[in-house]
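Listed here are the chains, written in short residue letters.
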Protein chains: 10
Amino acid sequence: MTEHELQLGRTVGIAESPEKAILDRVPNPHPDTFYVARFTVPEFTSLCPETGQPDFAHIVIDYVPKNWLVESKSLKLYMHSFRNHGAFHEGCTIDIAKRLIDLLDPHWLRIGGYWYPRGGIPIDVFWQSGPVPANLWLPDQGVAPYRGRG
Amino acid sequence: MTEHELQLGRTVGIAESPEKAILDRVPNPHPDTFYVARFTVPEFTSLCPETGQPDFAHIVIDYVPKNWLVESKSLKLYMHSFRNHGAFHEGCTIDIAKRLIDLLDPHWLRIGGYWYPRGGIPIDVFWQSGPVPANLWLPDQGVAPYRGRG
Amino acid sequence: MTEHELQLGRTVGIAESPEKAILDRVPNPHPDTFYVARFTVPEFTSLCPETGQPDFAHIVIDYVPKNWLVESKSLKLYMHSFRNHGAFHEGCTIDIAKRLIDLLDPHWLRIGGYWYPRGGIPIDVFWQSGPVPANLWLPDQGVAPYRGRG
Amino acid sequence: MTEHELQLGRTVGIAESPEKAILDRVPNPHPDTFYVARFTVPEFTSLCPETGQPDFAHIVIDYVPKNWLVESKSLKLYMHSFRNHGAFHEGCTIDIAKRLIDLLDPHWLRIGGYWYPRGGIPIDVFWQSGPVPANLWLPDQGVAPYRGRG
Amino acid sequence: MTEHELQLGRTVGIAESPEKAILDRVPNPHPDTFYVARFTVPEFTSLCPETGQPDFAHIVIDYVPKNWLVESKSLKLYMHSFRNHGAFHEGCTIDIAKRLIDLLDPHWLRIGGYWYPRGGIPIDVFWQSGPVPANLWLPDQGVAPYRGRG
Amino acid sequence: MTEHELQLGRTVGIAESPEKAILDRVPNPHPDTFYVARFTVPEFTSLCPETGQPDFAHIVIDYVPKNWLVESKSLKLYMHSFRNHGAFHEGCTIDIAKRLIDLLDPHWLRIGGYWYPRGGIPIDVFWQSGPVPANLWLPDQGVAPYRGRG
Amino acid sequence: MTEHELQLGRTVGIAESPEKAILDRVPNPHPDTFYVARFTVPEFTSLCPETGQPDFAHIVIDYVPKNWLVESKSLKLYMHSFRNHGAFHEGCTIDIAKRLIDLLDPHWLRIGGYWYPRGGIPIDVFWQSGPVPANLWLPDQGVAPYRGRG
Amino acid sequence: MTEHELQLGRTVGIAESPEKAILDRVPNPHPDTFYVARFTVPEFTSLCPETGQPDFAHIVIDYVPKNWLVESKSLKLYMHSFRNHGAFHEGCTIDIAKRLIDLLDPHWLRIGGYWYPRGGIPIDVFWQSGPVPANLWLPDQGVAPYRGRG
Amino acid sequence: MTEHELQLGRTVGIAESPEKAILDRVPNPHPDTFYVARFTVPEFTSLCPETGQPDFAHIVIDYVPKNWLVESKSLKLYMHSFRNHGAFHEGCTIDIAKRLIDLLDPHWLRIGGYWYPRGGIPIDVFWQSGPVPANLWLPDQGVAPYRGRG
Amino acid sequence: MTEHELQLGRTVGIAESPEKAILDRVPNPHPDTFYVARFTVPEFTSLCPETGQPDFAHIVIDYVPKNWLVESKSLKLYMHSFRNHGAFHEGCTIDIAKRLIDLLDPHWLRIGGYWYPRGGIPIDVFWQSGPVPANLWLPDQGVAPYRGRG
Ligand SMILES: [Ca+2]
Ligand SMILES: [Ca+2]
Ligand SMILES: [Ca+2]
Ligand SMILES: [Ca+2]
Ligand SMILES: [Ca+2]
Ligand SMILES: [Ca+2]
Ligand SMILES: [Ca+2]
Ligand SMILES: [Ca+2]
Ligand SMILES: [Ca+2]
Ligand SMILES: [Ca+2]
Ligand SMILES: [Ca+2]
Ligand SMILES: [Ca+2]
Ligand SMILES: [Ca+2]
Ligand SMILES: [Ca+2]
Ligand SMILES: [Ca+2]
Ligand SMILES: [Ca+2]
């Protein structure tokens, strides 16, 4: 799946779309150990498909790797590829999760998308790929709730 | 149920009552995926049925969509329709939840109503439509407890 | 049990004792719905039975109503009735809970009493009337732990 | 100016507009003492004059009374009178301040209007009627800054 | 002025009124040093003179002693003497400050009264006896602003 | 300068560059009153001119209007125009401020740019157009300091 | 076991060692009710057995009383008895718990010892006497994690 | 395994590598008691194996000792031994845990590695050695989530 | 004044009294630079001279060194010397400051003593040795205010 | 002074000492504008010159550039050069500031060094190069005070 060279160590521009962005994977150093890796991505932005206006989100991904880890520079570049593409909140959050599952075939994956408010109302999206694996330790993502003003 | 045109993209005034407000739904892009959408509504106000004085609340809704998502602009307008209507705290919070269940027929829904204090005592109301679905991920709503002063 | 007129809408003084205070109940608008109502009472004070000196507490009550809701003005007045009465921390907290159970016959009730420190040590008291009902949603009370100074 | 009876102790409805709302004043018990009274109003709402949609704000008022204090129930009712009236953020915040100055002729007054975000951007408005009087003690209003999500 | 024995070390009941409560003073161990002593009183309650209902406040006092310190047990008892007495927010806060000035003749004194909300609106009262003395160090009282719910 | 129609009420796309973005102004309703308007923009992104990678910032602007207010929808669109343009942190933050000064000719303006970390080190940029006007009230922007992890 | 007179109401010095300190118990007013009493002790200090230098801890104890409550003044005095005695972190925390179990024979007990850092590393110790009793309500102790600086 | 003298009480330099660092163990004073010891290590740094640049992490370790406790000075020295060695985030965090398991043969162990952001994205790693032992009390590690800026 | 050998690098017990404790000083590496050194001492305890019961405080010291710095190990030992000595809050806080001034002859010194509550009321003591030197940068000590419970 | 090529865009190892580390500067894009640039460095570590053990600090630098900005990658590398060098807290913090002044000849510079605790006591160091320039805006660094445990 990742027969190209790793993007790590090379200068790589922003892909035109999530579909064209390349995600790299590297071998899991502890493939027999059931652990969680959490990525926090406070720098996510896409475009509203209806209005073309920018949307912003804070995204947190937890996964239990099997044979592969996501290479973090390529994850960053993948996230950037949404920059000029239309994406609905609910759909987009889950699409990101599914793309990572395709790449990594992890034991399990969870995503939280914390979108900035529109019309005074923020939407958060929470999904996991299946039941939390037995005996896994998984702290809450702990993102502060939205409070408006005051 | 929603045979009218979507309110999205049109100018729509505040409905006279919750009964007259129209809630729109749109297709769920991931109907086979068990995820949560959370709406935070810090801008809710109604009238006290006994005194006619305004009441205020911070409301958070979590649901697991089946075939439909609530369209967020129409949700905002529905919330606004309580502005000049009488509503008791306990009843009103649950009425909102039931209206959304009627519209969306979701797998599951939860509502938290965090009402501003009256007589020095705030009331919070918590309800969910049934047991939390197995294998669902559902972070706490995390609204700060009331503390008075000091 | 509440054959007197409601205290709501009338001027009512502070009762001489909790025993003499009247708690009113009103019909539950959603008797078939299993929900929680939370009352936060940051304005509670009683007297130490040994020294006659004032004690203070922050009290939070969660309950699942069956046929009745507690009327909140009468709850406030009941809480005020401890003002000039002696009460030990552990006993008093639970007495309040039991009085509400007598009045409301709820499905379930929980009380947290967060007493201000004496001798540098605060006491908190936590009780619930039985197992948390299946499928109930009940956020933590979330009262900040005591930390002394610094 | 306030030759009507005080609204305190009577049932009073919401005025149709700020202009029709009555603000009451009572004598300052310490007219020779230079002190600050701070009112925090987390329950403020008006309508956007352009779209008719509701706006919300958290408002804090500090003033140094001369001969009069504002009667707090009438202040609450005055704030409620904006409920169904159009008001721009910047103008409205300052109009409230000026109305109080007309009523009270205070030594000095300050207002902070912390408006909920529109288009992802909240507006705060800060004004004071003149230089902070010498030797006055005036803590910061300390309202938390807006942070979006994450 | 304090020719009675100190209350420290004896059992003393709650005085019937602030006027009848006795405040004790002890010599300042550093009369030539310009320092601040801050007392934080989170356990203050009085009665509303209009309705007879309890009011609550969190009170913070800063002063620069000259020849006398206030004895802290007697301060506690003095604060308790408001328990069954009527007191308006603005007046009461400043009365406490003036009573301490009478007792202690300090170089300077500041009081902050942070009253619990009534009608959704808390009142804070801030006063100091004169300009902050030159070269004094006086941290902010730092009491968190009121935020309603959410 | 703003002889075009306002963008408010029309659908407007993202400008190709800050230079091409149009900022609208509206008359100040209180031109004789010295007040501050604060805009908080948590949704700002530009491109690094060296690497083409996205940068993110949280930006807060305070100004004292003279004859004009900035129209907030056009401000939002102007901020969006940096989305696909290169901008250095220090320069860009101040360029935004100067553009607003050109448009509004305010009495005074202040900008804080709080940039997300690069290389483990965030840069904040603070500028004001001149001395804080006498007698102006200007709360701190209060953005939380960066802390890394833990 | 506690055939001496209660220490409550008498002046009692600091015991020379935990072994010599006397812990008093009083009857549980609700022996048939399964509730938790939490004591927070932010004022704990002992000596390091290796170096003789002081150690400090913040200690929180939760227990479910059977027939006895610990008398809180005697608990305070017991805690003080560690002041000039050597105690290792892990052992000492659990010794305190076991002493209380000996005294009270509670249904269940939990202790958290949050020790101040040595060598840049704080140690926390957590123990409970058995499984959390079914149907008990037991909020988290919620002590903030250690974060070093920044 | 630890037949050398304890490092405690001697001056010991930083080991050249984790492999060469010596970890000491001491007998568990309560080997029959199922408790948790938590070590918080906010001072951890290693080198990136690809670039040679420093990485930083905040690390928290929870374990249930069987016969041995880790000696805390030797733990500090072991942590320091990563200072000039290359280590990937996911692998390194788990390697530390496994080294402690080798030394201590505990009933159970959990590690949380909270790494500082690279490329705007922090990685957290969570692992435990097996299911949480029945009846163990184990508070959350509670490390604050990463939030970028604002 | 400090003609003895430094205590640094030697094992030193707790002095019997503050008078007998030795404070060491070392040369200021930047004697011509006007800077602040802040020491935070969260581990301070003394005895109440009236009752013999322990008191606790969190103490923060800021100073501007002239020719000498306080050696931090000796500062720790000096603080420990109050462990078994009687000390009143106001007097003790200032005595510590004056002892440091005697030792160091600094340009300026400030102390904040944040004492744990007694009788529900904590006392804080704030002192500085003279006006804050011109052009000095001195952040607030920022110790959180006391809040009781809730 | 910086006649070498910029380190930006090249792979550069950690310098052996601060003296050997190269700091780069780039032209200030707004040399006529009096603004502040703040760098936050939560990843700083050096060695204790007495014991050879690692020390850690969180460092914040504010400066007002004249003709030059510090290039941020070289700043990061300079900070890393302390990794294996001995440095006392007070001296080191100010040495960093002076090195930057030599490089940049700024209008003004301020540094805050927030060192992790040793012996239970953290040291913070605060210095600025001269009086805060008139009309400069300079928010507090706002680093949280140290609190020990609890
Ligand atoms: Ca949508
Ligand atoms: Ca009601
Ligand atoms: Ca008791
Ligand atoms: Ca502390
Ligand atoms: Ca507008
Ligand atoms: Ca953010
Ligand atoms: Ca009043
Ligand atoms: Ca709010
Ligand atoms: Ca740059
Ligand atoms: Ca940190
Ligand atoms: Ca040890
Ligand atoms: Ca990597
Ligand atoms: Ca005293
Ligand atoms: Ca409180
Ligand atoms: Ca040193
Ligand atoms: Ca503490």
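Everything numeric here is computed off the predicted structure, so don't read it as measured data. Here the residue numbers are simple positions, counted from 1 along each chain's written sequence. Think of it this way: whatever chain is written first is A, whatever ligand is written first is 1, and the rest follow in order. Thresholds applied to this predicted model are a pLDDT of at least 70 for local features of residues and 80 or more for the giving and counting of side-chain atom pairs; totals over whole chains, interfaces and linings are not thresholded and use all residues. The side-chain figures draw on all heavy atoms in the structure; neither hydrogens nor water molecules are used.

Novice: Go over the interface of chain A and chain H, please, and point to the residues and values.
Specialist: At the junction of the two partners, chain A supplies 25 residues and chain H supplies 27 residues. Surface buried jointly by chain A and chain H totals about 2200 Å² across both partners, of which 64% is contributed by carbon and sulfur atoms. A pairing counts as a salt bridge when a side-chain nitrogen of Lys or Arg comes within 4 Å of a carboxyl oxygen of Asp or Glu. Inspection of the chain A/chain H interface yields zero salt bridges. N or O atoms closer than or at 3.5 Å make up a polar contact, with two conditions inside protein: a donor-capable atom paired with an acceptor-capable one, and, for residues adjacent in sequence, both atoms drawn from side chains. In this assembly, chain A and chain H are joined by nine residue pairs in polar contact (both at pLDDT 80 or more). What counts as a helix is a DSSP run of H or I of at least four residues, what counts as a strand is a run of E of at least two, and both are numbered from the N terminus. Going through the elements one at a time, β2 (35–47) and α1 (72–80) of chain A are the ones with two or more residues in the side of chain A that touches chain H. Of all the elements, β2(A) adds the most residues to the side of chain A that touches chain H, at nine residues. What makes two residues a contact is simply this: any of their non-hydrogen atoms within 4.5 Å. Once two parts are put together, the accessible area they lose, assessed with a 1.4 Å probe and summed over both, is termed the buried area.

Novice: Could you give me a rundown of the side chain of D124(J), with the residues and numbers involved?
Specialist: Tracing the chain through its elements places D124(J) in strand β6 (residues 123–128). Relative accessibility decides the category of a residue: with a 1.4 Å probe and only protein chains considered, values under 20% of the type maximum give buried, values over 50% give exposed, and everything between is partly exposed. With relative accessibility at 4%, the residue D124(J) sits in the buried group. Only 2.9 Å separates the side chain of D124(J) from the side chain of R149(G), close enough to count as a polar contact. Setting aside anything within four residues of it in sequence, one finds D124(J) in contact with R149(G), V36(I), A37(I), R38(I), G113(J), Y114(J) and W115(J).

Novice: Describe the UniProt feature "active site" (unreviewed entry) in chain A, and please don't skip the residues or the numbers.
Specialist: Residue and element names in this part refer to chain A. UniProt positions are given in the numbering used here, feature names are shortened, and annotations may be inferred rather than shown by experiment. Under the UniProt annotation, "active site" (unreviewed entry) lies at C48 and D55. Relative to the helices and strands, C48 is located in the loop between β2 and β3 (54–64). Following the sequence through the fold, D55 ends up in strand β3. With a relative accessible area of 4%, D55 lands in the buried category. Those residues in contact with D55 that sit more than four places away from it in its chain are F44, T45, S46, L47, C48, A87, H89, W115 and R118.

Novice: Lay out the packing of aromatic side chains with the relevant residues and their values.
Specialist: The geometry of an aromatic ring pair is captured by two quantities: the separation of the ring centres and the angle between the planes. Each Phe, Tyr or Trp ring, with Trp reduced to its six-membered ring, pairs with another whose centre is within 6.5 Å; inter-plane angles below 30 degrees give stacked pairs, above 60 give edge-to-face pairs, and intermediate values give tilted ones. One pass over the structure, following the stated rule, counts 80 aromatic pairs over all chains. Every member of this aromatic cluster is reached through a ring pair, and the members are F44(A), Y78(A), F82(A) and W115(A). In this scheme, Lys NZ or Arg CZ marks a charge over a ring once it lies within 6 Å of the ring centre and within 35 degrees of the ring normal. Taking NZ or CZ as reference, R25(H) lies 3.9 Å from the ring centre of W68(H), over its face. Over the aromatic face of W127(I) sits the side chain of K98(I), whose NZ or CZ is 5.8 Å from the ring centroid.

Novice: Can you break down the relation of the copies chain B and chain C residue by residue, with the values?
Specialist: Superposition of chain B onto chain C requires a rotation of 72° combined with a translation of 0.0 Å along the rotation axis, giving an RMSD of 0.0 Å. Both copies are brought into coincidence by an operation consistent with a five-fold rotation axis. Each copy contacts the other with its own distinct surface, as only 4% of the interface residues of chain B are interface residues in chain C too. All copies are superposed by least squares; the fitting set is the C-alpha atoms of residues with a pLDDT of at least 70 in both.

Novice: Which residues make up the side chain of R110(A), and what are the values?
Specialist: Mapped onto the fold, R110(A) is located in strand β5 (residues 108–115). In terms of polar contacts, R110(A) uses its side chain to reach the side chain of Q128(A), at 2.7 Å. Apart from the residues lying within four places of it in its own chain, the contact partners of R110(A) are V60(A), I61(A), D62(A), W127(A), Q128(A), V132(A), L138(A), Q141(A) and W137(B).

Novice: Mind laying out the coordination of the calcium ion (ligand 16), listing which residues take part and the relevant values?
Specialist: For a metal bound by four donors in tetrahedral geometry, the ideal donor-metal-donor angle is 109.5 degrees, whereas six donors in octahedral geometry ideally sit at 90 or 180 degrees. For Na, K and Ca the donor cutoff is 3.2 Å, while for all other metals N, O and S atoms must lie within 2.8 Å; water is not among the atoms, so some sites may look incomplete. The coordination sphere of the calcium ion (ligand 16) contains the protein donors R147(C) (O) and R149(J) (O), at a distance range of 3.0 to 3.1 Å. Here the calcium ion (ligand 4) and the calcium ion (ligand 16) are spaced 3.3 Å from one another. On the criterion of chain membership, the pair formed by R147(C) in the segment after β6 (123–128) and R149(J) in the segment after β6 is interchain, its members lying in two chains. For R147(C), a relative accessible area of 26% translates into the label partly exposed.

Novice: Can you explain the UniProt feature "binding site: substrate" (unreviewed entry) in chain A? Please cite residues and give values.
Specialist: Residues and elements named next belong to chain A. Mapped onto this structure's residue numbering, the UniProt feature "binding site: substrate" (unreviewed entry) falls at V70, E71, S72, H89 and E90. For this annotated set, covering 21 residues, the C-alpha atoms extend up to 25.1 Å from each other, a dispersed arrangement in space. Within the secondary structure, S72 sits in helix α1. Classification of S72 as partly exposed rests on a relative accessible area of 28%. With respect to the element layout, H89 can be found in helix α2 (residues 89–104). Leaving out residues up to four positions away in the same chain, H89 has contacts with D55, W115, I123 and V125.

Novice: Before we move on, could you go through helix α2 (residues 89–104) of chain J and cite the residues and values that matter?
Specialist: All names here are of chain J. A helix is expected to span 1.5 Å multiplied by its residue count minus one. With 16 residues, α2 should cover 22 Å at 1.5 Å per step; its first-to-last C-alpha distance of 23 Å lies within 8% of that length. Within the span of α2, buried status applies to H89, E90, G91, C92, T93, I94, I96, A97, L100, L103 and L104. Just past α2, the residue D105 takes up positive phi, approximately 45°.

Novice: Give me the lowdown on the pattern of salt bridges, citing residues and values where you can.
Specialist: Here the structure, examined in full by the defined rule, presents 60 salt bridges over all chains. Among the ionic pairs, R118(I) bridges to E43(G), the shortest N-O distance being 2.9 Å. Within this pair, whereas R118(I) is found in the loop between β5 (108–115) and β6 (123–128), its partner E43(G) is found in strand β2 (residues 35–47), the two belonging to separate chains. Overall, the relative accessible area of 28% leaves R118(I) in the partly exposed class. Salt bridges here are not isolated pairs; linked through shared partners, they connect E43(A), D55(F) and R118(F).

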